[in-house]
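Structural features, examined
Take a look at the letters that make up each chain.
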Amino acid sequence: MSTLLSNTSGELDAVVEFDPVIIGKMSQSGPRYTSYPTADRFHANFGYGNFLEAVAALRMRGGRRPLSVYVHVPFCDTLCYYCACNKIITKDRSKAVTYLSYLKQEIAMQAKLFAGMNQIEQLHFGGGTPTYLSEKQMDELMTHLRQHFEFAPDADGEYSIEIDPRTVSRERVFSLRAQGFNRISLGVQDFDADVQKAVNRIQPEAETVAVMQAARDAGFRSISIDLIYGLPKQNMETMTETLRKVINASPDRIALYHYAHMPHLFKPQRRILDADMPDSSTKLAMLGLCIARLTAAGYVYIGMDHFAKPTDDLAVAQRQGRLHRNFQGYSTRAEADLIACGVSAISSVGAVYSQNEKTLDAYYEKLDEGVLPIARGIKLETDDMLRRIIIQMLMCNFELSIATIEQSHPVIFRSYFASELEKLRELARDGLLIIEEDWLTVTPKGRLLIRNICMVFDRHLAEARARAALAPADAPQPLRYSKTV
């Protein structure tokens, strides 16, 4: 039985239908499409020179463009067993001192390249745990950024930081606001004590709520929390209680992630007992419960794993057709180039993606050589640019204007994507989308399976799977993705 869910505004474009039968049938491994082509298509032949060419191409176009900056702080005090992020677990604070000196060097190099071209309208600190840095270190880093880049006024810019509520006091929250951050994101994952113990993240509800209240008192414009379903020891009862507490806390945004248990790839996950893991049917039921409770509480389903209050900028951007998707998830700045600084960080500038070195030693070595620490990347071909736009439109708007694509690109859609349309017709027969003469429209039932729909347009994924099918049995296997639902 499927359930039709909508937010309290009753708008059609905010409706999602949870159908466990079709989800169980269609869920498969697939990319999250924070980029297209996806990061596993990046290659080592792309380097510093290719990035410089992309920046030069932007400069030749003239004018000023909005800029988004991501800063990666990889350090954490303690290990969360579920985490698959690129992080460094250490209590040796001297490592952060060394890292900051190199990070500032990279920021200065990037600022020189973009001088006079851009104004930062969006800033995001992620990790790791950005608040691993001391108040003094954060102050110095923010001062360094403002010395090298022009920032939009606080009222216009979106300046966010991820925090671990266990690492900050009320006074630290006020300090972060004074340093220029106006949005804050808290890792919660689950409020149940047994679940927290199973993933090695003990975080009392009162501690989290106190930090959220401090953020409101300090004048943060938006508070976001992360939740995960599918963790060890979770069940319908524990999830019901966690959702009650989350809704009472009333964050502006909620990111609801599916836990991808891949201990063969991520060593920390090997500490999670298989016997503690909920089965597939329970995980699916928990997802349905989360969607029902959050939408009933007035949250708008943005897409994939994001929810927001109708008044939040993310929901407003979706209604106005300005929603974008990048390496931080859904974003309000569709037109901004993204500069990412720090170990393993990924930039998106013009028609290229570039990723920094993944280890501290390699990151430091490149900067010592006087070049940006780029390890790999990709320059998009014309076909990539076209498919990137299509995937973005579907991920963010749940619809695609065929006429708009044909007006902006020299293709006849039905000829160019003939094989893709055949695959889409199969999905249409399952009720996931409607194919019309000038439109592709994702149905409420198809919204939770939007990754499946976008995968149809992923040429690189299709080619990789075709090669894998022909490869010997002992050949290296392609990257495994998380489940689409």
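See above for the structure.
Within each chain, residues carry numbers counting from 1 in the order of the written sequence. Where totals are concerned, whole chains, interfaces and linings use all residues; where local detail is concerned, this predicted model gives features only for residues with pLDDT of at least 70, and gives and counts side-chain atom pairs only at 80 or more. Excluded from the side-chain calculations are hydrogens and water; all other atoms, namely the structure's heavy atoms, are used.

For the rest of this paragraph, the subject is the overall build of the chain. Each helix and strand counted, the chain has 17 helices and 21 strands in total. The C-alpha atoms of the chain give a radius of gyration of 22 Å, which matches the 23 Å a tight globule of 485 residues would have. Seen along its three principal axes, the alpha-carbon backbone of the chain occupies a region of about 60 × 55 × 50 Å. Exposure classes here rest on a 1.4 Å probe applied to the protein chains alone. A residue is buried below 20% of its type maximum, exposed above 50%, and partly exposed in between. Scored against the burial criterion, the 485 residues of the chain give a buried share of 56%. The method behind every accessible area is Shrake-Rupley, applied with a 1.4 Å probe, and residues are considered shielded solely by the protein chains displayed. Accessible surface, the chain as shown: approximately 20300 Å² in total, 53% of it carbon and sulfur. Averaging the positions of the 56 positive and the 58 negative side-chain charges in the chain gives two centres separated by 2 Å. Strands here mean DSSP runs of E at least two residues long; helices mean DSSP runs of H or I at least four residues long; both are numbered from the N terminus. In this treatment the radius of gyration is a C-alpha quantity, and the globule benchmark scales as 2.2 Å times the residue count to the 0.38 power. Note on charges: Lys and Arg go in the positive column, Asp and Glu in the negative column, and His and the chain ends are not counted at all. Lysine's charge is taken at NZ, arginine's at CZ, aspartate's at CG and glutamate's at CD.

In this section: the pattern of salt bridges. Any Lys or Arg side-chain nitrogen located within 4 Å of an Asp or Glu carboxyl oxygen qualifies as a salt bridge. In this structure the tally under the stated criterion is 29 salt bridges. Asp19 is paired through a salt bridge with Lys445; the nearest N and O atoms lie 3.5 Å apart. Placement of the pair is Asp19 in the loop between β2 (16-18) and α1 (20-26) and Lys445 in the loop between β21 (439-442) and α16 (450-455), with a sequence separation of 426 residues. A residue is classified by how much of its surface remains accessible, and Asp19, at 10% relative accessible area, is buried. The salt bridge involving Glu420 is made with Arg387; its shortest N-O contact spans 3.1 Å. Of this pair, Glu420 sits in helix α15 (residues 418-429) while Arg387 sits in helix α12 (residues 382-397), and the two are 33 residues apart along the sequence.

Interaxial angles span 0 to 180 degrees and are taken between N-to-C directions of axes, which are lines fitted to C-alpha atoms, for helices over the stretch in contact. Axis separation between helix α2 (residues 48-61) and helix α3 (residues 94-113) bottoms out at 10 Å; the angle between their running directions is 40 degrees. What the angle tells us is that α2 and α3 run oblique. Between α2, through Tyr48, Phe51, Leu52, Val55 and Arg59, and α3, the contact on the second element is made entirely by Met109, Gln110, Lys112 and Leu113. Under this grouping Gly is polar, as are all residues other than the nonpolar Ala, Val, Leu, Ile, Met, Phe, Trp, Tyr, Cys and Pro and the charged Asp, Glu, Lys and Arg. Taken together, the residues of the contact of α2 with α3 sort by class into six nonpolar, one polar and two charged. Working definition: roughly parallel below 35 degrees, roughly antiparallel above 145 degrees, roughly perpendicular at 65 to 115 degrees, and oblique for all remaining angles. The contact definition used throughout considers only heavy atoms, calling two residues in contact when any of these lie within 4.5 Å.

Here is the rule: rings of Phe, Tyr and Trp (six-membered ring for Trp) pair when centre to centre is within 6.5 Å. Planes less than 30 degrees apart are stacked, more than 60 are edge-to-face, and the remainder are tilted. Using the criterion set out here, one finds 15 aromatic pairs in the structure. Here the aromatic rings of Phe413 and Phe417 are separated by 4.9 Å at their centres, their planes lie at 50 degrees, and the arrangement is tilted. On the basis of relative accessible area, Phe413 is assigned to the buried category, the value being 0%. Here Arg325 stacks its cationic end above the ring of Tyr330, 4.7 Å away from the centre of that ring. Working rule: Lys NZ or Arg CZ, within 6 Å of ring centre, within 35 degrees of ring normal, means a charge sits over the ring.

Take unusual backbone geometry next. Note the cis peptide between Tyr36 and Pro37, where omega equals -5 degrees. Each neighbour pair has its own omega, and for Gly127 with Gly128 the value is 20 degrees, a cis peptide bond. The topology assignment puts Gly128 in the loop between β6 (118-127) and α4 (135-148). Phi is positive for Gln189, which is not a glycine, with a value near 75 degrees. Backbone geometry at Asn200 places phi at a positive 60 degrees, although glycine is not the residue there. Of the residues examined, Asn200 reaches a relative accessible area of 31% and is grouped as partly exposed.

Further remarks concern the side chain of Gln355. Examined against the element boundaries, Gln355 turns out to sit in strand β17 (residues 352-356). For Gln355, a relative accessible area of 6% puts it in the buried group. Whenever a nitrogen or oxygen atom comes within 3.5 Å of another N or O atom, the pair is scored as a polar contact, on the condition that within protein one atom can donate a hydrogen and the other can accept it, and that pairs from neighbouring residues in sequence are kept only if both atoms are in side chains. Polar side-chain contacts of Gln355 include one of 2.7 Å to the side chain of Arg376. Apart from residues no more than four positions distant in its own chain, Gln355 is found in contact with Phe42, Ser344, Ala345, Ile346, Pro373, Ile374, Ala375 and Arg376.

Another point: the pairing of β17. In terms of burial, β17 is a largely internal element, five of the five residues being buried. The side-chain alternation of β17 yields two buried faces, one formed by Val352, Ser354 and Asn356 and the other by Tyr353 and Gln355. With four bridges connecting them, strand β16 (residues 346-349) and β17 associate as antiparallel partners. What sits directly across from Val349, in β17, is Val352. We call two strands paired when DSSP finds no fewer than two bridges between them.

We now examine a negative patch on the surface. Residues forming no salt bridge and having over 30% relative accessible area are the ones grouped into patches, like charges within 9 Å of each other and nonpolar side chains (Val, Leu, Ile, Met, Phe, Trp, Tyr) within 5 Å. The grouping of Asp361, Glu365, Asp368 and Glu369 at the surface amounts to a negative patch. Within the fold, Asp361 resides in helix α11 (residues 360-368).

This part takes up α11. All of the buried residues in α11 are Leu360, Ala362, Tyr363, Tyr364 and Leu367. Considering only its buried residues, α11 is in contact with β4 (75-76), β5 (88-89), α3 and β17. Immediately downstream of α11, the backbone of Gly370 shows phi near 85 degrees, a positive value.

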